[in-house]
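# Descriptive analysis of the structure
This is what each chain is made of:
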Amino acid sequence: MRQCRQWIEAFTSRKKWDARSLQDTQLNRCLSLLDLVGLGIFSTSGIGIYVLSAYIARVDSGPSAVLSVIIAGVAALLSALCQAELATRLPRAGAGYVYTYATLGELCAFVVGWNNLLEHMLGAAVAAKAWVHYLDNMVNGTIKGHMSETITWHQQSWILEETPDIPAALVVLVSTLFLLLSVKVYAVIVFILGVCSSLVIISFVCVGFFHVQSDNWTHPPGFFPNGFSGTLTGAALVMFGFSGIDIVVTSIEESKNSTKTVPTAVVLTLTLCFVVYFGVTAALTLAFPWHFLSETAALAKAFEDKHIFASTYVVGVGALFGLICSVSGSLYSIPRLVHSMGKDNLLPQWMSRVNNISSLPIAPALIFGVIASVLACVLKFESTIQMFSISTIFGFTLSAFCVLCLRYQTGYVGLYREYCDPSDVPICHLHSHLPSHFNRPPPRLEIMANGDMKMHYSEMRASRSDGCLYCEESGFECSSKSYNQLPVPGELTERTGFYHESQCYDTTVKPTVSRSSLNSLIKLPSDTLLDPNDSTWKSTVVSIVVFTVSATLMCSSCVAISLEGTSGTWWAITIISMCSVFMVTSALVIAKQPQNKTKLYFSVPYVPLVPLLCITINMFLMSALPAMSWIRFTIWIALGLVVYLGYGVRKSNERLLDDQEVVLYDITNPSFCASG
């Protein structure tokens with residue numbers, strides 16, 4: 001029993017962060033806002049444009065691929081808001097792995113990190129195989145013909161290629177070498193290649209809208225050839241095209257002024273990717289019949305029937321530029337993620353060593369680059385596409401859970417605004433002519449050894465006979481009329497107020513709730529707590545669990561209805577109705593709980609509405625993926641659990657710290673000393 005309890009404690013142990021060390025890094029802070037946006041857009045847009053847009057239109061969505069892009073864009077927007085808040089709280093490389101480790105525990109964190117490794121390696125493999133397809137199309141199939149004549153395995157498989165794709169493996173290996181460059185040089189190269197590809201895409205969209213034929217959307221079988229379930233499946237696959245958000249937040253340790261530039265870069269990346277994906281998908285499906293799209297190099301072949309034969313080479317060159325950025329961009333996050341996992345000793349620590357010349361962990365870049373090249377060589381193209389999106393959606397879903405937990409738990413995690421605008425700080429209104437019995441000492445400025453500044457205010461008291469109470473103790477609604485700005489050097493450049501003129505009210509003012517939360521949409525009783533405690537946190541946890549289970553059952557029931565039709569599925573409709581009631585009820589319970597009012601550099605608006613909506617949409621998208629995707633995902637998870645149970649759980653830094661604390665407690669325990 002004791003051993004079981006120790007394992008559970010290890011699985012649920014959360015990493016404790018010292019806010020003073022969150023800005024320290026071994027990596028080189030050299031990336032500007034433009035660099036981050038370039039990395040975010042061009043690292044994944046190549047796959048989204050040249051591969052996924054045509055694939056979902058041909059296989060899953062048909063003309064409703066444009067609706068798939070909209071659904072995926074909404075889900076990605078909600079996830080991006082959560083990622084931006086978490087990135088400013090915990091500005092460390094590793095993204096979802098770091099956020100989950102600090103919120104949900106070690107086991108969940110390892111699963112997220114392990115899935116991200118799979119996502120990025122499969123992304124590199126898909127981009128490399130597509131790169132070879134477009135090059136092969138430009139040389140009239142010479143590459144494929146030569147490889148099929150030279151090397152063939154002579155066996156059929158649902159996941160393995162009949163002929164090893166050696167050119168794709170070489171593309172991955174060459175792209176891995178780009179990662180050994182300085183991150184600034186790498187960002188510049190990706191930006192130049194991405195801009196060249198963007199010029200081709202703009203031309204493609206303009207030509208496509210010039211050849212619009214509305215029959216391509218209305219001709220039988222219509223706008224939804226595979227039903228709305230096919231549209232959701234297409235949206236789930238397109239989600240990988242928005243994984244550039246993850247690349248931006250992973251680069252936070254290498255960005256300048258990260259708490260300001262990263263949220264902006266996340267929003268810009270999402271917006272530009274959505275506009276491009278929607279434009280390309282709409283132009284492609286309007287100008288060309290979706291059921292005639294080619295399995296390989298679809299965009300380059302789309303306008304051949306329009307007698308625009310130069311499109312084969314123009315679009316082909318743009319695809320080569322865009323996809324090579326996607327190959328290296330998918331591999332870009334791997335060494336940074338492994339660096340974080342290695343520092344926590346969930347993976348071997350030697351993987352976290354940073355090279356002094358490139359300021360980058362070299363070993364994981366080379367190791368996982370080789371693994372990605374093997375995957376590109378042996379896996380089938382379509383099988384690989386169906387595998388990588390589930391990891392992206394899974395990571396986005398957990399980021400929403402992390403935001404909910406951090407908002408409603410007691411205490412705070414990560415960075416926060418130590419100094420805020422006076423209009424955001426509860427300071428009571430005092431009269432311009434202060435009464436003689438009111439004593440307000442001047443603030444005291446303390447300069448720390450590391451250059452940080454702290455403002456200390458002594459306690460202020462007022463007589464009750466005048467109807468005035470000290471506001472911070474009474475919880476009055478307060479504001480200030482004037483203040484001076486105090487600049488603070490370094491990363492923490494916040495405004496601190498010196499309050500001169502104010503006014504005190506005689507009436508009792510009821511507590512108020514910040515309008516940035518969903519609580520502002522629900523009338524709370526006057527006796528509602530404004531700070532979370534253990535009781536409210538337990539209520540929140542129970543409500544989150546009820547909401548999650550209900551959403552899972554609802555998604556499963558919807559899948560059953562889509563497979564069996566409306567006949568004989570009365571039980572599924574009943575379950576959906578009951579789950580809807582439970583979801584709404586649990587959401588209202590969560591909304592009525594007090595939130596942690598720590599001032600953040602970026603906050604998700606309307607919590608818990610945005611995270612809960614994000615979780616719901618992502619669950620629907622995951623349920624729309626093929627069953628084979630879940631089987632492959634489960635196999636990869638099982639392999640990761642073997643690695644974690646065999647190495648990570650025993651070597652984890654957090655477990656070593658806990659063991660040291662237990663030993664220290666035993667030594668200092670009087671009963672232990674007496675027994676000795």
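For the structure, check the block above.
First, a word on scope: everything that follows refers to the structure included in this document. (Residues numbered from 1 in each chain as written. Predicted model: local features only at pLDDT ≥ 70, side-chain atom pairs only at ≥ 80, totals over all residues. Heavy atoms only, no water.)

### Remarks on the overall build of the protein chain
As a reminder of what qualifies: For helices the rule is a DSSP run of H or I covering at least 4 residues; for strands it is a run of E covering at least 2, with both sets numbered from the N terminus onward. The criterion used for residue contact is that any of the two residues' heavy atoms lie within 4.5 Å. For the accessible areas, the method is Shrake-Rupley and the probe is 1.4 Å, while residue cover comes only from the protein chains on display.
Looking only at helices and strands, the protein chain features 24 helices and 2 strands. For the protein chain, the proportion of contacts with a sequence separation of at least 24, taken over those separated by at least 6, is 83%. Accessible surface, the protein chain: about 29,900 Å² in total, of which carbon and sulfur atoms supply 65%.

### Regarding empty space enclosed by the protein
Our working rule: Whether a set of points on the 1 Å grid over the protein atoms alone is a cavity depends on a 1.4 Å probe fitting there but being unable to get out, while an open set qualifies as a pocket with protein on both sides within 12 Å along at least five of seven lines; lining residues are those with an atom within 4 Å of a point. Grid points are joined across faces, edges and corners, and a volume is the space filled by probe spheres set on the points. Any residue outside Ala, Val, Leu, Ile, Met, Phe, Trp, Tyr, Cys, Pro, Asp, Glu, Lys and Arg is labelled polar, Gly included; the first ten of those are nonpolar and the last four are charged.
Inspection of every chain in the model, using the stated rule, returns 6 cavities of 30 Å³ or more. If you add up the space inside the largest cavity, you get close to 110 Å³. Lining of the largest cavity is provided by 14 residues; of these, Tyr-50, Val-51, Glu-295, Ala-297 and Phe-381 occupy positions nearest its centre. Those elements giving two or more residues to the lining of the largest cavity turn out to be helix H3 (45–59) and helix H6 (106–138). Element by element, the count of residues in the lining of the largest cavity is highest for H3, at 5 residues. For the lining of the largest cavity, the residue count by class is 9 nonpolar, 3 polar and 2 charged.

### Quick notes on the packing of helix H2 (residues 33–42) against helix H13 (residues 258–287)
Note the cut-off: Axes here refer to lines fitted to C-alpha atoms; in helices the fit is confined to the stretch in contact. Angles between the N-to-C directions go from 0 to 180 degrees. Working definition: roughly parallel below 35 degrees, roughly antiparallel above 145 degrees, roughly perpendicular at 65 to 115 degrees, and oblique for all remaining angles. By convention the crossing between two helices is left-handed if the near helix lies anticlockwise of the far one by an angle smaller than a right angle, and right-handed if it lies clockwise.
Here H2 crosses H13 at 40°, and the two axes come no closer than 9 Å. Taken together, the axes of H2 and H13 are oblique relative to one another. Considering the relative orientation of H2 and H13, their crossing is right-handed. Touching Leu-33, Leu-36, Val-37, Gly-40 and Ile-41 of H2 are Thr-261, Val-262, Thr-264, Ala-265, Leu-268, Thr-269, Leu-272 and Cys-273, all from H13. Tallied by class, the residues present in the contact of H2 with H13 amount to 9 nonpolar, 4 polar and no charged.

### A closer look at the packing of aromatic side chains
Put simply, the test is: Each Phe, Tyr or Trp ring (for Trp, its six-membered ring) is paired with any other whose centre lies within 6.5 Å, and the angle between the two planes then decides the class: stacked below 30 degrees, edge-to-face above 60, tilted in between. Each residue's exposure class comes from its accessible area (1.4 Å probe, protein chains only) as a fraction of the maximum for that residue type: buried when under 20%, exposed when over 50%, partly exposed otherwise.
Tallied over the full model, the rule gives 17 aromatic pairs. Consider the rings of Trp-114 and Trp-636, whose centres lie 4.7 Å apart with planes at 20°: the pair is stacked. In this pair, Trp-114 sits in helix H6 while Trp-636 sits in helix H22 (residues 627–651), placing the two residues 522 residues apart along the sequence. The same class applies to Trp-114 as to Trp-636, namely buried. Ring centres of Trp-630 and Phe-633 lie 6.0 Å apart, and the angle between their planes is 85°; on these two criteria the pair is classed as edge-to-face. Of the two residues, Trp-630 and Phe-633 both sit in helix H22, 3 residues apart, roughly one turn of that helix.

### A closer look at the packing of H6 against helix H16 (residues 362–378)
Closest axis-to-axis distance for the H6/H16 pair is 8 Å, and the angle between their directions is 55°. When the axes of H6 and H16 are compared, the pair comes out oblique. Crossing geometry of H6 relative to H16 is assigned as right-handed. On the side of H6, the interface is formed by Leu-117, Met-121, Leu-122, Ala-124, Ala-125 and Lys-129, while H16 contributes Phe-368, Ile-371, Ala-372, Leu-375 and Ala-376. Taken together, the residues of the contact of H6 with H16 sort by class into 10 nonpolar, no polar and 1 charged.

### A word on the pattern of salt bridges
How we decide: For salt bridges, the criterion is a side-chain nitrogen of Lys or Arg within 4 Å of an Asp or Glu carboxyl oxygen.
All told, the structure shown has 10 salt bridges when counted by the stated rule. Ionic pairing is found between Asp-344 and Lys-15, a salt bridge with its closest N-O pair at 2.4 Å. Of the two residues, Asp-344 sits in the loop between helix H15 (311–343) and H16 while Lys-15 sits in the loop between helix H1 (2–12) and H2, which places them 329 residues apart along the sequence. Owing to a relative accessible area of 5%, Asp-344 belongs among the buried residues under this scheme.

### With respect to the nonpolar core
Generally speaking, nonpolar side chains in soluble globular proteins are found buried as a group. As a reminder, the rule being used: As used in this record, nonpolar core signifies buried Ala, Val, Leu, Ile, Met, Phe, Trp, Tyr and Cys residues forming a set joined through side-chain atoms within 4.5 Å.
If you look at the biggest cluster of nonpolar residues, it comprises 167 residues, and the most contacted ones within it are Tyr-50, Tyr-99, Tyr-134, Leu-299, Leu-323 and Leu-621. Looking at this core element by element, the count peaks at 19 residues for H6. The contact partners of Leu-621, leaving out residues within four places of it in the chain, are Ile-71, Ala-75, Leu-232, Ala-235, Ala-236, Met-239 and Ile-393.

### Some words on the side chain of Asn-596
Among the secondary structure elements, Asn-596 is positioned in the loop between helix H20 (570–591) and helix H21 (609–623). Excluding anything up to four places from it in sequence, Asn-596 contacts Leu-406, Arg-407, Gln-409, Thr-410, Gly-411, Tyr-412 and Pro-532.

### Remarks on helix H11 (residues 227–238)
Heads up, the condition is: A helix is expected to span 1.5 Å multiplied by its residue count minus one.
A rise of 1.5 Å per residue sets the reference length of H11, with its 12 residues, at 16 Å; its end C-alpha atoms lie 17 Å apart and thus fit the reference within 8%. Counted residue by residue, H11 has 9 buried out of 12 residues, so it is predominantly covered. Buried residues of H11: Gly-230, Thr-231, Leu-232, Thr-233, Gly-234, Ala-235, Ala-236, Leu-237 and Val-238, and no others. In this structure, the buried residues of H11 make contact with H3, helix H4 (65–89), helix H17 (381–408) and H21.

### Describing unusual backbone geometry
Geometrically, the link from Pro-220 to Pro-221 is a cis peptide bond, its omega value of 10° lying close to zero. Of note, the bond from Val-607 into Pro-608 is cis; its omega dihedral lies within 30 degrees of zero at 15°. Mapping Pro-608 onto the fold places it in the loop between H20 and H21. Even without being glycine, Asn-140 reaches a positive phi, approximately 60°. The phi dihedral of Asn-257 falls on the positive side, at around 50°, and the residue is not glycine. Assignment of secondary structure puts Asn-257 in the loop between helix H12 (244–250) and H13. Under the relative-accessibility criterion, Asn-257 is labelled partly exposed at 31%.

### Regarding the side chain of Gln-386
Relative to the helices and strands, Gln-386 is located in helix H17. Taking relative accessible area as the criterion, Gln-386 reaches 17% and is therefore assigned buried. Excluding its chain neighbours within four sequence positions, the residues that come into contact with Gln-386 are Tyr-55, Leu-237, Pro-626, Ser-629 and Arg-632.

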